[in-house]
Amino acid sequence: LLPPSSPELWHVQKLMACAQGRGTFQARSENTQWLVAVLTWGLAPAGFVAVGQTSALYDRGGPYDKLRQVAKRRGTSVASTLWWPKMSRECADKLESTLQFSAAWKEQQGEDCFIGLEAVDACGQQLPKAAELLCRVCGPFNGKETFVWTRDKHGYTGVRPPRHPCALNWYMPRRGGFGLMEVRVNWKSQVETLLHVPQFGDRSARSRPKAILVASGGEYHTV
């Protein structure tokens with residue numbers, strides 16, 4: 001939102017880099033009008049500002065560590081691997097045929113199933129297209145169960161969407177200015193399908209990496 005000629009542009013970029021865990025920022029008490037304007041426009045009734053941070057950076061990673069080990073053993077990237085809680089290999093095979101997505105491999109561990117998909121980009125910051133399909137078809141909102149017609153003797157199969165521990169959780173300031181609430185955009189364009197795969201040093205950084213979303217006129221839901 002800042003014009004390239006603005007003298008405040010460099011300082012806002014430095015602040016953004018600091019929030020993402022890259023470098024430091026020395027606060028200044030003067031000439032903060034541009035930053036205030038950016039935040040004000042973002043929090044206007046027609047839009048919102050949300051900050052995303054991956055849960056993989058907390059509590060020793062939780063499911064992320066297991067997913068990382070599976071991906072390493074399979075020789076693939078973390079970004080192209082999905083963790084599907086309480087999903088059998090047999091049911092995953094039926095859903096693959098019904099929904100017509102292509103999985104490179106599947107691995108059953110206890111009640112969970114891990115699925116390998118084709119990566120989208122070399123940076124690994126976006127879910128594969130097949131993962132987008134599974135997240136949206138199998139869970140339009142908040143992980144609710146969806147019944148998919150699998151054309152077998154059981155007819156419909158109840159499924160919940162797969163998960164990725166590196167997906168960003170988004171938090172928006174409340175309108176009254178007190179506290180935050182977790183949000184997501186309309187399920188047709190979920191923002192939590194953006195990833196941040198932890199890099200070396202992320203967990204010990206003074207400011208853990210975050211992504212800031214400024215949306216205008218977008219639909220969002222509380223979680």
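Residues numbered from 1 in each chain as written. Predicted model: local features only at pLDDT ≥ 70, side-chain atom pairs only at ≥ 80, totals over all residues. Heavy atoms only, no water.

Caption draft 1: Focus on unusual backbone geometry. The phi dihedral of Lys86 is positive, around 50°, even though this residue is not glycine. The topology assignment puts Lys86 in the loop between β2 (81-84) and α4 (89-99). (Helix = DSSP H or I, 4+ residues; strand = E, 2+ residues; numbered from the N terminus.)

Caption draft 2: Just the sheet that holds β2, in detail. Pairing within the open sheet is antiparallel, and its three strands lie in the order β2-β4-β3. A strand with exactly one partner marks an edge of an open sheet, and here the two such strands are β2 and β3 (105-109). Taking the axes of each pair of neighbouring strands and ignoring which way they run, one obtains an average angle of 20° across the sheet. Note that β3 and strand β4 (residues 112-116) share five bridges and pair antiparallel. By the bridge assignment, Gln109 is partnered in β4 with Asp112. Taken strand by strand, helix α3 (residues 63-74) contacts β2, β3 and β4, and its axis lies near 135° from that of β3. Contacts from α4 reach β2, β3 and β4, with the element oriented near 150° to β3. (Pairing = 2+ DSSP bridges. Axes fitted to C-alpha atoms, helices over the stretch in contact; angles between N-to-C directions. Contact = heavy atoms within 4.5 Å.)

Caption draft 3: Main features of the environment of Ser204. Here Ser204 lies in the loop between β8 (180-185) and β9 (211-216). In the structure, Ser204 is positioned 147 residues away from Leu57 in sequence and 9.3 Å away in space, judged by C-alpha atoms.

Caption draft 4: Structural view of α4. Turning to α4, its buried residues are Cys91, Ala92, Leu95, Glu96, Thr98 and Leu99. Downstream of α4 by a residue or two, Gln100 has a phi angle that is positive, lying close to 60°. (Buried < 20%, exposed > 50% of the residue type's maximum accessible area, 1.4 Å probe, protein only.)

Caption draft 5: Here's a closer look at the confidence of the model for the protein. The predicted model of the protein has a mean per-residue pLDDT of 75, with 69% of residues at 70 or higher. Within the protein, helix α2 (residues 33-42) has the poorest average pLDDT of any element, 62, and β3 the best, 92. (pLDDT = per-residue confidence, 0-100.)

Caption draft 6: Looking closely at the pattern of salt bridges. Inspection of every chain in the model, using the stated rule, returns six salt bridges. Note that Lys106 and Glu96 form a salt bridge whose closest N and O atoms lie 2.3 Å from each other. A residue pair is termed long-range when its members are at least 10 positions apart, and Lys106 in strand β3 and Glu96 in helix α4 qualify at ten residues. Note on accessibility: Lys106 and Glu96 belong to one class, buried. Sharing partners across several salt bridges, the network here consists of Arg89, Asp93, Glu96 and Lys106. (Salt bridge = Lys/Arg side-chain N within 4 Å of Asp/Glu carboxyl O.)

Caption draft 7: Broad picture of the state of the cysteines. Scanning the model with the defined rule gives zero disulfides in all. Cys113 takes part in no disulfide bond, and the closest cysteine sulfur, belonging to Cys91, lies 9.3 Å away. (Disulfide = S-S within 2.5 Å.)

Caption draft 8: Structural detail: a nonpolar patch on the surface. On the surface, Met16, Val51 and Ile212 cluster together to form a nonpolar patch covering roughly 190 Å² of accessible area. When its relative accessible area of 37% is taken as the criterion, Ile212 is described as partly exposed. (Patch = residues over 30% accessible without salt bridge, like charges linked within 9 Å, V, L, I, M, F, W, Y side chains within 5 Å. Areas by Shrake-Rupley, 256 points an atom, 1.4 Å probe, with all protein chains shown as cover.)

Caption draft 9: Expanded view of the side chain of Thr54. With respect to the helices and strands, Thr54 occurs in strand β1 (residues 47-54). Residue class for Thr54 comes out buried when judged on its relative accessible area of 1%. Only 3.1 Å separates the side chain of Thr54 from the backbone nitrogen of Ala56, close enough to count as a polar contact. Among the polar contacts listed, one links the side chain of Thr54 to the backbone oxygen of Cys166, at a separation of 3.4 Å. Beyond its immediate sequence surroundings of up to four residues, Thr54 is in contact with Pro165, Cys166, Ala167, Leu168 and His196. (Polar contact = N/O pair within 3.5 Å; in protein donor to acceptor, adjacent residues only side chain to side chain.)

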